[in-house]
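# Analysis of the macromolecular model
The chain contents come next:
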Amino acid sequence: MIYWLKKGLSRRTLLHKAGFGLITLGAASAIDTIFEPGLTLAQTGPAPSKEPPMPPAKKLGWAVVGLGKFATEQIIPSFGECKRSKLVALVSGERAKAERYASQYGVNPKNIYNYQNYDSIRNNPEVDVIYIILPNGLHADYTIRGLQALKHVMCEKPMANTVAECQAMIDAAKKRDRKLMIAYRAQYEPYNLAAIELSRSGKLGKLKSITSDHGRNLDPKDPADRWRMDKKLAGGGSLYDIGIYALQATRYITGEEPAEISAMLYSTPGDPRFREIEENVHFMLRFPSGVLANCTSSYGYSDTKRLQVFGADAVLELDPATDYYRHRLMIKRKSGSEEMNIPEQNQFALEMDHLSQSIMDNKQPKTPGEEGLQDVRLMNLIYEAARTGRTIKVNG
Ligand code: NDP
């Protein structure tokens, strides 16, 4: 459900108009709501599902591969909010850590695997789906082995280091008639879905331009950032890790593929973090409809995850756009700014349940391997455009 703060009446809107910026209002502000004329619930975003969870015996069993930061802090806890998916197995190089999480989340210790006996997961009928949450350079190998074990696979972004690896993953899924989905969580997250709907339905007027910026400071002290400095494990730098969110956003907002790409790349000389991978990438895309996108990614600027869509009638601002739990969506018109208030939902549970549902219905998931391959292909063209200084025609 989407609430619009009442135009001209809400404290927040008035403060915005008066130039005071944002203040935090309590839940009571949600009652101050109307729907923008012409907007309907169905048009603007998903209401939280009232559907009850499936009984545990009917849920699909998932194995998580790699018990790092993202897996343990976001994904594993989110199974508790899944309606069609349950955690049944863990794969880790550290037995003691896996046992700790197994006991915390009720996973049978017999379902703990390591990287040596991973392939024997084929013999475990409790496991339907394997979720690869390893460093990027390992995605292809573990995805293909998971598919060879006749399991369905969800693989984290970016799909793999090269186009050839992505294609091999897609081929492996087809050969075994298994589903392969790339974990593009933003495409299951309600604020991003609302942004897509508002942009594509003409509510902003004809789209002219998109900007998106994704950056953070890479921290060599954080174990999760160490492999990100290693080209073989990371595949690339800020573009591969977080610029991919900006690239994705331009594609899902327009519903188009870019026709032309130009780019520039810069890394601070002498900074040991950037011996193998790049710090900053700026790239521009032209879409067939005429929309121009201007995106940045950085491993050197302060935390940023934002998206702006400029239409002839209104500007949509999502900032943060791709956070885990907090999003903020503003629509700015000449007459003033309004904030949309959408109930947050657990995007990780939504995306995992999407794959479980796709398997149950034998349907292609919304973000299949081909979607991941396209981003890897485009990111490689962005690097090429930066290296050559040329504007690249995507299908030329
Ligand atoms: P971490 O380093 O925290 O986790 C990676 C885990 O992989 C390690 O903890 C380890 O688990 C296992 N591993 C196996 N081999 C290696 C190796 N050679 N070097 C390092 N780790 C290894 O990274 P993240 O959790 O941040 O990222 C993992 C993946 O998830 C990446 O592909 C990343 O892009 C993606 N990601 C996606 C996000 C999203 O929002 N969709 C957010 C963050 C990350 P163990 O000790 O159990 O073997």
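Numbering of residues starts from 1 in each chain and follows the order in which that chain's sequence is written. Under the rules for a predicted model, residues below a pLDDT of 70 receive no local features and side-chain atom pairs below 80 are neither given nor counted, while totals for whole chains, interfaces and linings still include all residues. With hydrogens and water stripped out, all remaining heavy atoms of the structure feed into the side-chain values.

### Considering the packing of helix α7 (residues 190–200) against helix α10 (residues 238–254)
Two numbers describe how α7 lies on α10: the axes approach to 8 Å, and their chain directions differ by 50 degrees. With respect to α10, the element α7 is oriented oblique. In this structure, α7 uses Asn192, Ala195, Ile196, Ser199 and Arg200 to contact α10, whose residues at the interface are Arg251, Tyr252, Ile253 and Thr254. A per-class count over the contact of α7 with α10 returns four nonpolar, three polar and two charged. Axis definition: a line fit to C-alpha positions, over the contact stretch in the case of helices; interaxial angles, taken between N-to-C directions, run 0 to 180 degrees. Only DSSP runs of H or I covering at least 4 residues are called helices, and only runs of E covering at least 2 are called strands; the numbering of each starts at the N terminus. Angular relationships are summarised with four words: roughly parallel below 35 degrees, roughly antiparallel beyond 145, roughly perpendicular across 65 to 115, and oblique for the angles in between. The contact criterion used throughout is that any non-hydrogen atoms of two residues lie within 4.5 Å. Three categories are distinguished: nonpolar for Ala, Val, Leu, Ile, Met, Phe, Trp, Tyr, Cys and Pro, charged for Asp, Glu, Lys and Arg, and polar for the others, with Gly belonging to the last.

### What to know about the site of the ligand
Throughout, near means a residue has at least one heavy atom within 4 Å of the molecule or strand. Taken together, the neighbourhood of the ligand is formed by 25 residues, with Lys69, Ser92, Tyr115, Asn136 and Arg185 sitting nearest. In this structure, an oxygen atom belonging to the ligand sits 3.0 Å away from a main-chain N or O atom of phenylalanine 70. Polar contact criterion, stated in full: a pair of N or O atoms within 3.5 Å, where within protein one must be able to donate a hydrogen and the other to accept it, and residues adjacent in sequence count only if both atoms are side-chain atoms. Within the contact set of the ligand, an oxygen atom lies 2.8 Å away from a backbone nitrogen or oxygen of glycine 93. Protein contacts shield 82% of the accessible area of the ligand, which totals 890 Å² for the unbound molecule. Mapped onto the shell around the ligand, the elements with two or more residues apiece are α3 (69–78) and α10. Each residue belonging to the shell around the ligand can be placed in one class, and the counts come to 12 nonpolar, six polar and seven charged. For the accessible areas, the method is Shrake-Rupley and the probe is 1.4 Å, while residue cover comes only from the protein chains on display.

### Concerning the packing of aromatic side chains
Centres within 6.5 Å make a pair out of two Phe, Tyr or Trp rings, where for Trp the six-membered ring is used; the pair is then stacked when the planes are under 30 degrees apart, edge-to-face when over 60, and tilted otherwise. A complete count under the given rule lists nine aromatic pairs for this structure. Ring geometry for phenylalanine 70 against phenylalanine 348: centres 5.6 Å apart, planes inclined by 75 degrees, an arrangement best described as edge-to-face. You can see phenylalanine 70 sitting in helix α3 and its partner phenylalanine 348 sitting in helix α11 (residues 347–361), a full 278 residues away along the chain. Throughout, exposure labels follow a simple rule: accessible area from a 1.4 Å probe, protein chains only, divided by the maximum for the residue type, with under 20% read as buried, over 50% as exposed, and the rest as partly exposed. Of the residues examined, phenylalanine 70 reaches a relative accessible area of 18% and is grouped as buried. The interplanar angle of 75 degrees and the centroid separation of 6.1 Å between the aromatic rings of tyrosine 325 and phenylalanine 348 together place this pair among those described as edge-to-face. Placement of the pair is tyrosine 325 in the loop between β14 (315–318) and β15 (329–333) and phenylalanine 348 in helix α11, with a sequence separation of 23 residues. Counting every residue linked through ring pairs, the aromatic cluster contains Phe70, Tyr324, Tyr325 and Phe348.

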